Amino acid sequence: MHTFKILVTTDGSNLSDKAVEVAAQLAEQFAGVLVGVTVVSSSQTPEEMAVAQERLDHISAVAKEHSVACEVVSEVSDSVAAGILRAASRADAYCVVMASRGLGTLGALLLGSETQQVLSEADRPVLVVR
């Protein structure tokens, strides 16, 4: 039997926290596994790595609140979209859940460019949370 995996990505923004909640609800409803991902650059400082771990810990905590199994990973990539797509493929996720916009790797506000790129290149369903 194939495990129903839902990949959710977070950058720590309020909107991505909402995406984590939606993904956890879906995993709960379909008895699936939540796969939490945050993309980090190869030049991350120890402080930035600690922030990334906090994001992943948040996903794990939300999964626990919904009583769903959870896996988390820091995906190293200098392209956020490429990192998300690679993680989804490696996890064999059924779908990707992500915010419509969020924070870039340096904290700059992206106007949906990463989301647009994931939508245009994904080989699986993408649920965009607003």
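In this report, the structure presented in the accompanying data block is examined. (Residues numbered from 1 in each chain as written. Predicted model: local features only at pLDDT ≥ 70, side-chain atom pairs only at ≥ 80, totals over all residues. Heavy atoms only, no water.)

## Regarding the packing of aromatic side chains
Counted by the stated rule, this structure contains 2 aromatic pairs. Taken together, the ring pairs connect Phe4, Phe30 and Tyr94 into an aromatic cluster. (Phe/Tyr/Trp six-rings, centres within 6.5 Å; stacked < 30°, edge-to-face > 60°.)

## Considerations on helix H3 (residues 80-91)
End to end, H3 covers 17 Å across 12 residues, agreeing with the expected 16 Å (1.5 Å per residue, within 8%). The elements touched by buried residues of H3 are strand S1 (5-9), strand S2 (33-40), strand S3 (69-76), strand S4 (95-99) and helix H4 (113-121). Just downstream of H3, Asp92 is the residue with a positive phi angle, here 55 degrees. (Helix = DSSP H or I, 4+ residues; strand = E, 2+ residues; numbered from the N terminus. Expected span 1.5 Å × (residues − 1). Contact = heavy atoms within 4.5 Å.)

## Observations concerning the sheet that holds S2
Backbone-to-backbone hydrogen bonds pair the strands of a sheet. The strands run either parallel or antiparallel. Here 5 strands make up an open sheet; going across it, the order is S3-S2-S1-S4-S5 and the pairing parallel. In this open sheet, the two edge strands, each paired with only one partner strand, are S3 and strand S5 (126-129). The mean inter-strand angle of the sheet, taken between neighbouring strand axes irrespective of direction, is 20 degrees. Pairing of S1 with S2, which is carried by 5 bridges, proceeds in the parallel orientation. By the bridge assignment for S2, Lys5 is matched with Val33. (Pairing = 2+ DSSP bridges. Axes fitted to C-alpha atoms, helices over the stretch in contact; angles between N-to-C directions.)

These figures come from the coordinates and say nothing about function on their own.
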